[in-house]
Amino acid sequence: MEILLQTYYIVLSGIMTIVAAWAGVTYKRGQKEKEKNKAELERKKREDDKIREANSRAIMLLLRYMLKRYHSEYMLQGRITYAQYNDWKDIFETYSDLSDSTDDYFHIAADWDKDIESLPRTDAIPNLSPFEAMLRKNMDEKK
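A. Structural detail: the overall build of the protein. Regarding its fold elements, the protein presents four helices and two strands. Along the chain direction, N to C, the helices and strands of the protein fall in the order α-β-α-α-β-α. Here the C-alpha radius of gyration of the protein, 35 Å, is well above what a compact globule of 143 residues would show, namely 15 Å. Counting only C-alpha atoms, the protein reaches 115 × 40 × 30 Å along its principal axes. Relative to its full complement of 143 residues, the protein shows a buried share of 19%. Considering only contacts within the protein whose residues lie at least 6 apart along the sequence, 74% involve residues at least 24 apart. Approximately 11500 Å² of the protein is accessible, and the part contributed by carbon and sulfur atoms is 59%. Considering the protein, the positive charge centre built from 24 side chains and the negative charge centre built from 25 side chains are found 6 Å apart.

So, in structure tokens, the structure goes:
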């Protein structure tokens, strides 16, 4: 009987050693997988941040172009309709919210806003934008 008990203890300790080793290896694999996933998440976050930054920059450039285009058009018109004024204010406020006040273009846009504020407002809607009028004039001159 004692031989059976000794055999049982030896086998049990061997099984416990194997289980402990298996648990340790499994834990270590889990840790490596966790670190790998963490590194992958950080890489994806950097990639997403880069894309978000590029999209923000593109939006800023588009808003700047629109401000420049509208400023030129409205200054050529010499007046501004209420609808045009509301469009201008929406775009300018969005540009202001997104831009850095130390940016040179922000100050240029602020000057443009002052110009627009100085224009008389009207309900009359112009038939053609100044750009369309210039294009038609150039086309007529070429004929």
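Now that the structure is up, let's keep going.
B. Local environment of the pattern of salt bridges. For the coordinates displayed, the defined rule picks out eight salt bridges. With a shortest N-O distance of 2.9 Å, Glu-47 and Arg-43 are connected by a salt bridge. Remark: Arg-43 and Glu-47 occur in helix α1 (residues 2-77); sequence separation between them is four residues, near one turn of the helix. Classification of Arg-43 as partly exposed rests on a relative accessible area of 34%. Asp-49 is the partner of Arg-52 in a salt bridge, and the nearest nitrogen-oxygen pair spans 2.8 Å. Here Arg-52 pairs with Asp-49, and both are found in helix α1, just three residues apart, close to one helical turn. One network of salt bridges, in which partners are shared, links Lys-89, Asp-113, Glu-117 and Arg-121.

C. Region of the structure containing the packing of aromatic side chains. Under the definition given, this model contains two aromatic pairs. Here the aromatic rings of Tyr-70 and Tyr-74 are separated by 5.5 Å at their centres, their planes lie at 15 degrees, and the arrangement is stacked. Taken together, the residues Tyr-70 and Tyr-74, both in helix α1 and four residues apart, mark about one turn of the helix. For the pair Trp-88 and Phe-92, a centre-to-centre distance of 6.4 Å together with 5 degrees between the ring planes defines the contact as stacked. Here Phe-92 and Trp-88 lie together in helix α2 (residues 82-98), a separation of four residues that amounts to about one turn. Residues Trp-88 and Phe-92 agree in their burial class; the two are buried. Sitting above the plane of the Tyr-105 ring, Arg-64 keeps its charged end 3.8 Å from the centroid. One Lys or Arg, Arg-121, reaches over the ring of Tyr-85 and ends 3.8 Å from the middle of that ring.

D. Just the side chain of Ser-99, in detail. Tracing the backbone shows Ser-99 in the loop between α2 and α3 (104-118). With residues near it in sequence (within four places) discarded, Ser-99 still touches Met-60 and Phe-106.

E. Structural context of the packing of α2 against α3. As a packed pair, α2 and α3 sit with axes 11 Å apart at the nearest point and diverge in direction by 160 degrees. Here α2 lies roughly antiparallel to α3, going by the angle between them. Between α2 and α3 lies a crossing whose hand is left-handed. Contact residues: α2 offers Tyr-85, Trp-88, Lys-89, Phe-92, Tyr-95 and Ser-96, while α3 offers Tyr-105, Phe-106, Ala-109, Ala-110, Trp-112, Asp-113, Ile-116 and Glu-117. The class makeup of the residues in the contact of α2 with α3 is ten nonpolar, one polar and three charged.

F. How the structure looks around the side chain of His-71. Residue position: His-71 is located in helix α1. With a relative accessible area of 12%, His-71 lands in the buried category. Once you skip the residues sitting within four places of it in the chain, His-71 turns out to touch Trp-88, Trp-112, Asp-115 and Ile-116.

Rules and cut-offs
- Residues numbered from 1 in each chain as written.
- Predicted model: local features only at pLDDT ≥ 70, side-chain atom pairs only at ≥ 80, totals over all residues.
- Heavy atoms only, no water.
- Helix = DSSP H or I, 4+ residues; strand = E, 2+ residues; numbered from the N terminus.
- Rg over C-alpha atoms; globule rule 2.2 N^0.38 Å.
- Buried < 20%, exposed > 50% of the residue type's maximum accessible area, 1.4 Å probe, protein only.
- Contact = heavy atoms within 4.5 Å.
- Areas by Shrake-Rupley, 256 points an atom, 1.4 Å probe, with all protein chains shown as cover.
- Lys, Arg positive; Asp, Glu negative; His and termini not counted.
- Charge placed at Lys NZ, Arg CZ, Asp CG, Glu CD.
- Salt bridge = Lys/Arg side-chain N within 4 Å of Asp/Glu carboxyl O.
- Phe/Tyr/Trp six-rings, centres within 6.5 Å; stacked < 30°, edge-to-face > 60°.
- Lys NZ or Arg CZ within 6 Å of the ring centre and 35° of its normal.
- Axes fitted to C-alpha atoms, helices over the stretch in contact; angles between N-to-C directions.
- Parallel < 35°, antiparallel > 145°, perpendicular 65-115°, else oblique.
- Left-handed = near helix turned anticlockwise from the far one by under 90°.
- Nonpolar A, V, L, I, M, F, W, Y, C, P; charged D, E, K, R; others polar.

Function cannot be inferred from these measures alone, as they are strictly geometric.
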